[in-house]
Amino acid sequence: MCLLPRPADLPQERRLLHLPSTHDFAAPRVEPPQPPPQAADGLPGVAGVSPRSSSRNAPRPQAGPPPPKYPPGDRSHIPDYAMPAYNVISEQLNVSFVDPQQKRLVDDLERRINPLFDALNCETLSRSVVDQLLVLTRAMEKFMIVQLHWRFMSICLQKGL
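The paragraphs below set out a description of the structure included in this document. (Residues numbered from 1 in each chain as written. Predicted model: local features only at pLDDT ≥ 70, side-chain atom pairs only at ≥ 80, totals over all residues. Heavy atoms only, no water.)

So, about the overall build of the protein. A tally of regular secondary structure across the protein gives five helices and zero strands. Listing the helices and strands of the protein from first to last along the sequence gives α-α-α-α-α. Across the protein, contacts joining residues at least 24 apart in sequence account for 54% of those joining residues at least 6 apart. Counting every atom, the protein has about 13700 Å² of accessible surface; 61% of that belongs to carbon and sulfur. (Helix = DSSP H or I, 4+ residues; strand = E, 2+ residues; numbered from the N terminus. Contact = heavy atoms within 4.5 Å. Areas by Shrake-Rupley, 256 points an atom, 1.4 Å probe, with all protein chains shown as cover.)

In structure tokens form, the structure reads like this:
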């Protein structure tokens, strides 16, 4: 039993301030969840649509990248403008090491850099990427020259030349 006056019993100016009580509203009706519709073959899905027909309308996945022009490991088709980069990197990989740990590191690096050589060979890299690679390899060459000069000077100083 509600002790508050009904809104109709209040003066007009007080009706606007009246907050409804819980008795003024009916409780919402909650229906139990329904099972998914059955397809014509009795399997769950959209009613009237068989899974076979819906798979025909499904978008097909796009094909992967095109196969390379040349087989992996082939280096005979590297363009002339990319050859300096290939030569500098290959030269660094062909350095002989006495320490087996260093040899393993070089072998691992060679395994990781072979996809770059394959991309150079198949010309799948843009010209701007190859140009940036050339800048890096020129810096490697300058560093090697400075390193060789430093080694030469240290040997000369040790021998007193």
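General note: in soluble globular proteins, nonpolar side chains tend to be found buried as a group. Judged by nonpolar contacts, the single largest core of 13 residues is most densely connected at Ile 89, Leu 93, Phe 117 and Leu 120. Listing elements by their share of this core, those giving two or more residues are helix 3 (83–93), helix 4 (100–122) and helix 5 (127–159). Once you skip the residues sitting within four places of it in the chain, Leu 120 turns out to touch Ile 78, Pro 79, Ala 82, Leu 125, Val 130 and Leu 133. (Core = buried A, V, L, I, M, F, W, Y, C linked by side-chain atoms within 4.5 Å. Buried < 20%, exposed > 50% of the residue type's maximum accessible area, 1.4 Å probe, protein only.)

In this section: the packing of aromatic side chains. In this description, a pair of aromatic rings is defined by centroid distance and the angle of the planes. Overall, the coordinates contain one aromatic pair when judged by the stated rule. Residues Tyr 86 and Phe 117 carry aromatic rings whose centres are separated by 4.7 Å and whose planes lie at 75° to one another, so their mutual orientation is edge-to-face. Of this pair, Tyr 86 sits in helix 3 while Phe 117 sits in helix 4, and the two are 31 residues apart along the sequence. The same class applies to Tyr 86 as to Phe 117, namely buried. We note Arg 127 situated over the ring of Tyr 81; from NZ or CZ to the ring centre the distance is 3.7 Å. (Phe/Tyr/Trp six-rings, centres within 6.5 Å; stacked < 30°, edge-to-face > 60°. Lys NZ or Arg CZ within 6 Å of the ring centre and 35° of its normal.)

Where side chains of opposite charge bring their charged atoms close, a pairing between them can arise. Inspection of the entire model under this criterion finds five salt bridges. For Asp 118, the salt bridge identified is with Arg 75, shortest N-O distance 2.5 Å. Of this pair, Asp 118 sits in helix 4 while Arg 75 sits in the loop between helix 2 (51–57) and helix 3, and the two are 43 residues apart along the sequence. The salt bridge partner of Asp 108 is Arg 112, with a shortest N-O separation of 3.0 Å. Of the two residues, Asp 108 and Arg 112 are both situated in helix 4; the distance of four residues between them amounts to about one turn of the helix. (Salt bridge = Lys/Arg side-chain N within 4 Å of Asp/Glu carboxyl O.)

Here we take up the layout of surface pockets. A probe matching the size of a water molecule, rolled over the atoms, marks out where space remains unfilled. Approximately 390 Å³ is the volume found for the largest pocket. Residue lining of the largest pocket: 16 residues in total, with Glu 91, Gln 92, Val 95, Met 144 and Gln 147 positioned closest to the centre. Here the element with the most residues in the lining of the largest pocket is helix 5; it accounts for seven residues. Its residues placed into classes, the lining of the largest pocket shows eleven nonpolar, two polar and three charged. (1 Å grid on protein atoms, 1.4 Å probe; cavity = no way out; pocket = protein on both sides within 12 Å on 5 of 7 lines; lining within 4 Å. Points joined across faces, edges and corners; volume = space filled by probe spheres on them. Nonpolar A, V, L, I, M, F, W, Y, C, P; charged D, E, K, R; others polar.)

Now for unusual backbone geometry. Unusually for a residue other than glycine, Glu 123 sits at a positive phi of about 55°. In this fold, Glu 123 is placed in the loop between helix 4 and helix 5.

Packing of helix 3 against helix 5 brings their axes to within 9 Å, and their N-to-C directions diverge by 45°. Considered as vectors, helix 3 and helix 5 are oriented oblique to each other. Helix-helix and strand crossings are classified by hand; for helix 3 and helix 5 the assignment is left-handed. Of helix 5, the residues touching helix 3 (which contributes Pro 84, Ala 85, Val 88, Ile 89, Glu 91 and Gln 92) are Leu 133, Leu 134, Thr 137, Met 140, Glu 141 and Met 144. Per-class residue counts for the contact of helix 3 with helix 5 are eight nonpolar, two polar and two charged. (Axes fitted to C-alpha atoms, helices over the stretch in contact; angles between N-to-C directions. Parallel < 35°, antiparallel > 145°, perpendicular 65-115°, else oblique. Left-handed = near helix turned anticlockwise from the far one by under 90°.)

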